[in-house]
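Given next are the chains, with one letter for each unit.
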Amino acid sequence: MAKVTLKNLTKKFDDVVAVNNMNSIIEDQQFVVLVGPSGCGKTTTLRMIAGLEEVTGGEIYIGDRLVNDVPPKDRDIAMVFQNYALYPHMDVYNNMAFGLKLRKTPKMEIEKRVREAARILKIEDLLKRKPKQLSGGQRQRVALGRAIVRDPKVFLMDEPLSNLDAKLRVEMRTEIAKLHLRLNATIVYVTHDQTEAMTMADKMIIMKDGLVQQTGGAQEVYDHPDNMFVAGFIGSPAMNFLDVTVTDRLTLKNKQFDLDTPDNIKKIIKSNDLIGKEVVLGIRPEDLEDSEFISSAGEHNTITANVEVTEPMGAEIYVYVDIDGVLMTARVTPKSKLDSGHVAKLHVDVDMIHLFDKKTEKAYI
């Protein structure tokens, strides 16, 4: 395996900058997920690493080797696509063996590698079937097997689970994570699904409009987003945002509520001289609870709002409330009796709030 280094990587399509001066190091044996909305540049980045897109500027290293001008077949990478890209006229065995045959690998070695990959992926009984006889999940396992047999330095995966149904996506997420641990592989994985990114990544690279917004571990990014885009993109349901004014008693005040500020927020207010200024308050849905189930709540740190809609989810209820014209989401206990048309009193866990600059949208630290 090998590390991948991206230095000032840039890709332009005429006047459109798809990837803008990207710098990142993907360590040996690391599982890195490029995540972001459609059009953010993540797939273009992956295709440049693979050699399928020409680099406009910057450098790509696989190990210590500069590969900008190296053909894809000589980069020692294996790619897994979202559409599987299997040969319909070949059985599973020959689909998996095809790349090795092109490299004139000895037959005994091909047999050994294909059988071992099939064993790892639990598809030994499928080796004689054609792709049309397989389910979506089985086809994706074959595509993974074809990549595994090559024993590449780097695996590149472009939204490999997007064509699967929800239940199968969860199963295949687990399989790919287990595969990474078993192979000690370097994997670069592209997805627009933040749940996939959160559950699978050693490190996430969050992108928007060709720019890297934040890099870090899943929990680190979730707990300490660098800006409002990351805060709103990572986490489901998304973080709530409200405009508030910082008052002289170090509280955050809105027309409809008044929140105390814990010590960590007081430090941020003082160090950034925020008293009297408008800021954006960020509250994750899980940090809003039905105050009826908070024994010490009373009216303290409580938001009162009209309930628009509720969505029972079994283990929790999503409650959508209107606060000063802004629709916000709370994740409350399934014991809650809140329903459409009710007036909700939601307790805010002020220790978990975030503050952002209104103009730059960057998090205050």
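None of these values were measured; they are calculated from a predicted model.

Student: Would you take a moment to explain the packing of helix 2 (residues 92–102) against helix 4 (residues 136–149) for this structure?
Tutor: A pair of packed helices is captured by two measures, namely the crossing angle of their axes and the spacing between those axes. At their nearest, the axes of helix 2 and helix 4 sit 8 Å apart, and the two run at 30° to each other. With respect to each other, helix 2 and helix 4 are oriented roughly parallel. The hand of the helix 2/helix 4 crossing is right-handed. Where helix 2 abuts helix 4, its residues Val92, Asn95, Met96 and Leu100 lie against Val142, Gly145, Arg146 and Val149. Looking at the contact of helix 2 with helix 4, its residues break down into 5 nonpolar, 2 polar and 1 charged.

Student: Quick question: what am I supposed to make of the sheet that holds strand 12 (residues 252–254) here?
Tutor: Consider a sheet: its strands pair through backbone hydrogen bonds, and that pairing is either parallel or antiparallel. If you walk across this open sheet you meet the 5 strands as 13-12-11-14-20, and the pairing is antiparallel. Among the strands making up the open sheet, the edge pair consists of strand 13 (257–259) and strand 20 (354–356). This sheet shows a mean twist of 40° between the axes of neighbouring strands, independent of strand direction.

Student: Is there a simple way to think about the packing of aromatic side chains in this case?
Tutor: Aromatic rings in a pair are described by how distant their centres are and how their planes are angled relative to each other. Going through the model one piece at a time under the given rule, you end up with 4 aromatic pairs. Each ring, one from Phe31 and one from Tyr189, has its centre 5.7 Å from the other, and the planes form 40°; the classification is tilted. With a gap of 158 residues between them, Phe31 in strand 3 (residues 31–35) and Tyr189 in strand 8 (residues 187–191) connect regions that are remote in the sequence. Across the ring face of Phe13, the terminal group of Lys11 is positioned such that the distance to the ring centre comes to 5.0 Å. Stacked on the ring of Tyr222, the Lys or Arg Arg284 has its end atom at 3.9 Å from the ring centre.

Student: Would you explain the sheet that holds strand 16 (residues 302–312) in this entry?
Tutor: Read from one edge to the other, the open sheet built from 5 strands follows the order 15-19-16-17-18, with strand pairing classed as antiparallel. The open sheet terminates on both sides in strands that have one partner only, identified here as strand 15 (288–290) and strand 18 (326–332). Put simply, the sheet's adjacent strands are angled 50° from each other on average, direction ignored. Note that strand 16 and strand 17 (residues 317–323) share 6 bridges and pair antiparallel. Counted as the bridge partner of Glu311 is Tyr318 from strand 17.

Student: Is there a simple way to explain the layout of surface pockets in this structure?
Tutor: Empty space among the atoms becomes visible once a probe the size of a water molecule is rolled across them. In this structure, the largest pocket encloses a volume near 580 Å³. Lining the largest pocket are 20 residues, with Ile77, Met79, Gly99, Arg146 and Arg150 positioned closest to its centre. Those elements that provide at least two residues to the lining of the largest pocket are strand 6 (77–80), helix 2 and helix 4. Here the element with the most residues in the lining of the largest pocket is helix 2; it accounts for 4 residues. For the lining of the largest pocket, the residue count by class is 13 nonpolar, 2 polar and 5 charged. Sorting the residues of the lining of the second largest pocket by element identifies helix 7 (218–223), helix 9 (263–271) and strand 20 as the ones contributing at least two each. Classifying every residue of the lining of the second largest pocket by side-chain character gives 11 nonpolar, 3 polar and 5 charged.

Student: Before we go on, may I ask you to explain the environment of Val280 in this structure?
Tutor: Note that Val280 resides in strand 14 (residues 278–283). Between the C-alpha atom of Val280 and that of Leu242, which follows or precedes it by 38 residues, the distance is 5.5 Å.

Student: Help me understand the side chain of His354, please; the structure alone is not making it clear to me.
Tutor: Looking at where His354 falls in the secondary structure, it is placed in strand 20. In terms of polar contacts, His354 uses its side chain to reach the backbone carbonyl oxygen of Met352, at 3.5 Å. Apart from the residues within four sequence positions on either side, His354 is in contact with Asp223, Pro225, Met239, Val280, Leu281 and Gly282.

Student: Just to check I follow, could you spell out the pattern of salt bridges for this structure?
Tutor: When the charged atoms of two side chains with opposite charge come close together, those side chains can pair. For the structure shown, the criterion picks out 14 salt bridges. Measuring nitrogen to oxygen at the nearest pair gives 2.6 Å for the salt bridge that ties Arg119 to Glu116. Residue Arg119 and its partner Glu116 are both found in helix 3 (residues 107–121); the two are separated by 3 residues, about one turn of the helix. According to the relative accessible area criterion, Glu116 is partly exposed, its value standing at 35%. A salt bridge links Glu278 to Lys358; the shortest N-O distance between them is 2.8 Å. Residue Glu278 is found in strand 14, and its partner Lys358 is found in the segment after strand 20; the two are separated by 80 residues along the sequence. Assessed through its relative accessible area of 36%, Lys358 is described here as partly exposed. It is possible to trace a salt-bridge network through shared partners that takes in Lys11, Arg47 and Glu53.

Rules used throughout
Residues numbered from 1 in each chain as written. Predicted model: local features only at pLDDT ≥ 70, side-chain atom pairs only at ≥ 80, totals over all residues. Heavy atoms only, no water. Axes fitted to C-alpha atoms, helices over the stretch in contact; angles between N-to-C directions. Helix = DSSP H or I, 4+ residues; strand = E, 2+ residues; numbered from the N terminus. Parallel < 35°, antiparallel > 145°, perpendicular 65-115°, else oblique. Left-handed = near helix turned anticlockwise from the far one by under 90°. Contact = heavy atoms within 4.5 Å. Nonpolar A, V, L, I, M, F, W, Y, C, P; charged D, E, K, R; others polar. Pairing = 2+ DSSP bridges. Phe/Tyr/Trp six-rings, centres within 6.5 Å; stacked < 30°, edge-to-face > 60°. Lys NZ or Arg CZ within 6 Å of the ring centre and 35° of its normal. 1 Å grid on protein atoms, 1.4 Å probe; cavity = no way out; pocket = protein on both sides within 12 Å on 5 of 7 lines; lining within 4 Å. Points joined across faces, edges and corners; volume = space filled by probe spheres on them. Polar contact = N/O pair within 3.5 Å; in protein donor to acceptor, adjacent residues only side chain to side chain. Salt bridge = Lys/Arg side-chain N within 4 Å of Asp/Glu carboxyl O. Buried < 20%, exposed > 50% of the residue type's maximum accessible area, 1.4 Å probe, protein only.

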